[in-house]
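Reading the structure
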Amino acid sequence: MNVSLVLALFFNGIVLGLIYAVVAVGFSLVLGVAQVINFSHGLLFAFGAYFFWSISSVAGFWIALFLSPILVAMMGLCIELLLIRRVYGQDPLFGLLITFGFALAMEEVIRMVWGKVAYSVSTPMFARGQLFIGDIIYSKYRIILAVFSLLILLLVWWVITRTSFGAIIKAGMFDSEMISALGHNLPLLRTGIFVIGAFLAGLAGVIAAPLWSIKSGMGTDILMPAFIIALIGGLGSIKGTIIAGLLVGTVTSLAVLFIPRFTDILPYLMLIVVLFYKPKGLFGEVTILGEVREE
Amino acid sequence: MNKKTNIFKDPYPIIFLLFFIYPIIPFIGKFRTLGAELLIWCIFALSFNLVLGYAGLPSFGHGAFYGVGTYAVALTIMHFYSKGVIIPLIIAAFFGGLFTFFYGYLIKKKRGIYFALLTVAFSQILYVIGFRWDEVTGGETGITSLKIGTFLGIELKNPLYLYYFIFFVFVISLIIIRKIANSPVGQILRALKQDEKRAQYLGFNTEKYVWYIFTVSGIFAGLAGGLYCILYSSAFADTLHWVKSGDVVMATLLGGGLVNFYGPIVGSVIFIIAREFLSAFWDNWMLLYGLSFVIIILFIPTGLLGIVENIKERKHRDSLNNGNNNLTMNEKDKPAKILTKEGNDGPIKD
């Protein structure tokens, strides 16, 4: 087997896994703190890409890179204030359905505004070309992308595990009643987390835009991997989500060599195996959600 | 209580009658395929409501078991047996039940958000298999133009005969599902929905009942899927996708499955007819479809029959407040949980 091909696929898997992880971290945080299965998370990812496409064609790459995630975060704020806030503490299906319905409706809005054709974004000037690592020729943009995603993930991990704000977030996952009893503003915290999650989804959409074609269904397509990764990594664990993202990314990417048609199914099989042995996910901690009763 | 109120409380004879005369109803009766699809959706939504409305479990992957039913019938007809329709349907129900039996084992201990997450993830596995395994499932194009066999020697090519065959299956399914819902198991499930710990303290193995109802629900979902395959003589991977699972949840909630056994039927009828008409006249109907989820959750979470029930309850309370008719107090208004001196819960038997 061609070694450089395997290595190239492996790197592709890592890039893919890191993008997945950025999306999944936001999903996981919202799930942990707000206890809502946010089916509109993929939609926010898609909006990130579409905003980026529109703005970069008018105002250039850097402004679009800066502005698009902020616009998506503002969308997230509106979604939280108008919809999700109403279903806190109710049946989990309600939160799922309200975000699901909203995502379907907004996907249609995307089709009405931007049309049904897929767009592609060209890579920025400074990131074009190839790099030579040993014998392997690898695209410069993918490397920049990987480093950038990793920095974002590390920043999120640092905030969650090393700052007092992160401590409040973690406490919110354990016992949301308790943190409001301790005088923290729980609704504000939930809104904040949702906005951060939306920002991360939008950012992932922006950085993935030059890599994939931009189409209305891209939100639905990214939702499932993000969802699986959040579950495999363990809800609320940033470290677990990153590792699960890398795992899913590399395994699906390398599996192209062996079972080209069934690569999509591997994340699900991994999920079943992981949940069978570790019901809380790889690095899951005990959260309110983790009411997994073990024998 | 006289017979008249009984029929309105449990109106299945009326439903049977309405669907029986459906083909001769003016305007809408012409659309026999639509009518047959309504019946199929009623079976599907009723089976789903056993899990959502009775056991209170937020399943969001039921479309997958429906899809399994369609493929089971399609593959049986294609490869093994194409003379009659009964055997393929039994196989569809069997496979629907087999998959839910297996999944049920894996998720019977999970509740709430975890349950919802896992049902989504598991149903998606079936979608990927259906979508990718070209040799067996036909992949993206699915399995089309099947030759549908006969039922007791009757050719089902005639849409009217086909309608009445599906009506026949619907009648049987509704009677069985209704029986299960009213059985002691149904009662235990309702107890589980209200307070699982309490039900466990009363000595019920709630996990076993969750597993049981999930399997039963899968059997009927598979059956409904099988009927769908017979109706359109084809099977597609689309039915397995999680986005499609939203349809049945929508239909069930819209009608009021959370408060009434017949909610799913009301919801299915409104949902399917609205979908047919909207998608025919408006390209961007998905916008309205998505927003209707939002509206239902925010404003009428108990569904249409829930509104009716609320009005009834308010009237009833008003009549109580007026001071007359205290004797009409029904089961619901009695204080349900009475702590006795020993600290035990009040009367349990019935």
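Right, let's walk through the structure included here. (Residues numbered from 1 in each chain as written. Chains lettered and ligands numbered in written order. Predicted model: local features only at pLDDT ≥ 70, side-chain atom pairs only at ≥ 80, totals over all residues. Heavy atoms only, no water.)

**A closer look at the overall build of chain B**
For chain B, the count of helices and strands is 15 helices and two strands. By residue count, 53% of the 350 residues in chain B fall in the buried class. Taking all contacts inside chain B whose residues are at least 6 apart in sequence as the whole, residues at least 24 apart take part in 75%. (Helix = DSSP H or I, 4+ residues; strand = E, 2+ residues; numbered from the N terminus. Buried < 20%, exposed > 50% of the residue type's maximum accessible area, 1.4 Å probe, protein only. Contact = heavy atoms within 4.5 Å.)

**Things to note about the interface of chain A and chain B**
At the junction of the two partners, chain A supplies 47 residues and chain B supplies 47 residues. With both sides pooled, the region where chain A packs onto chain B buries about 4,200 Å², and carbon together with sulfur makes up 78% of that total. Our count for the contact surface shared by chain A and chain B stands at zero salt bridges. Scanning the region where chain A abuts chain B turns up zero residue pairs in polar contact (both at pLDDT 80 or more). Every element with two or more residues in the side of chain A that touches chain B is listed here: helix 4 (92–114), helix 9 (218–233) and helix 11 (266–277) of chain A. When residues in the side of chain A that touches chain B are grouped by element, the largest group, 14 residues, is from helix 4 of chain A. Residue composition of the side of chain A that touches chain B, by class: 35 nonpolar, four polar and eight charged. (Buried area = accessible area lost by both parts, 1.4 Å probe. Salt bridge = Lys/Arg side-chain N within 4 Å of Asp/Glu carboxyl O. Polar contact = N/O pair within 3.5 Å; in protein donor to acceptor, adjacent residues only side chain to side chain. Nonpolar A, V, L, I, M, F, W, Y, C, P; charged D, E, K, R; others polar.)

**Quick word on the side chain of N38(A)**
Residue and element names in this part refer to chain A. Take N38: it is sitting in the loop between helix 1 (3–34) and helix 2 (41–59). Among the polar contacts listed, one links the side chain of N38 to the side chain of S40, at a separation of 2.5 Å. The residues contacting N38, other than those within four sequence positions of it, are F27, V30, T99, F194 and L223.

**Some points on the nonpolar core**
Counting 211 residues, the largest nonpolar core has I37(A), F39(A), F227(A), F19(B), F60(B) and F170(B) as its most contacted members. With residues near it in sequence (within four places) discarded, F170(B) still touches I15(B), F16(B), F19(B), L39(B), C42(B), I43(B) and I265(B). (Core = buried A, V, L, I, M, F, W, Y, C linked by side-chain atoms within 4.5 Å.)

**Notes on the pattern of salt bridges**
Oppositely charged side chains can form a pair if their charged atoms are brought close together. Residues and elements named next belong to chain A. One pass over the structure, following the stated rule, counts six salt bridges over all chains. Note that R111 and E107 form a salt bridge whose closest N and O atoms lie 2.8 Å from each other. With R111 and E107 both in helix 4 and four residues apart, the pair spans about one turn of that helix. Residue R111 is classed as partly exposed on the basis of its relative accessible area of 22%.

**Notes on the packing of helix 4 (residues 62–79) of chain B against helix 5 (residues 86–107) of chain B**
Residues and elements named next belong to chain B. In contact at an axis separation of 8 Å, helix 4 and helix 5 are set at 140° when each is read in the N-to-C sense. Accordingly, the angle class assigned to the pair helix 4 and helix 5 is oblique. Taken as a pair, helix 4 and helix 5 cross one another with a handedness that is right-handed. When helix 4 is examined against helix 5, the residues F65, V68, G69, A72, V73, T76 and I77 are found in contact with a partner set consisting of P88, L89, I91, A92, F95, G96, F99, T100 and Y103. By residue class, the composition of the contact of helix 4 with helix 5 is 12 nonpolar, four polar and no charged. (Axes fitted to C-alpha atoms, helices over the stretch in contact; angles between N-to-C directions. Parallel < 35°, antiparallel > 145°, perpendicular 65-115°, else oblique. Left-handed = near helix turned anticlockwise from the far one by under 90°.)

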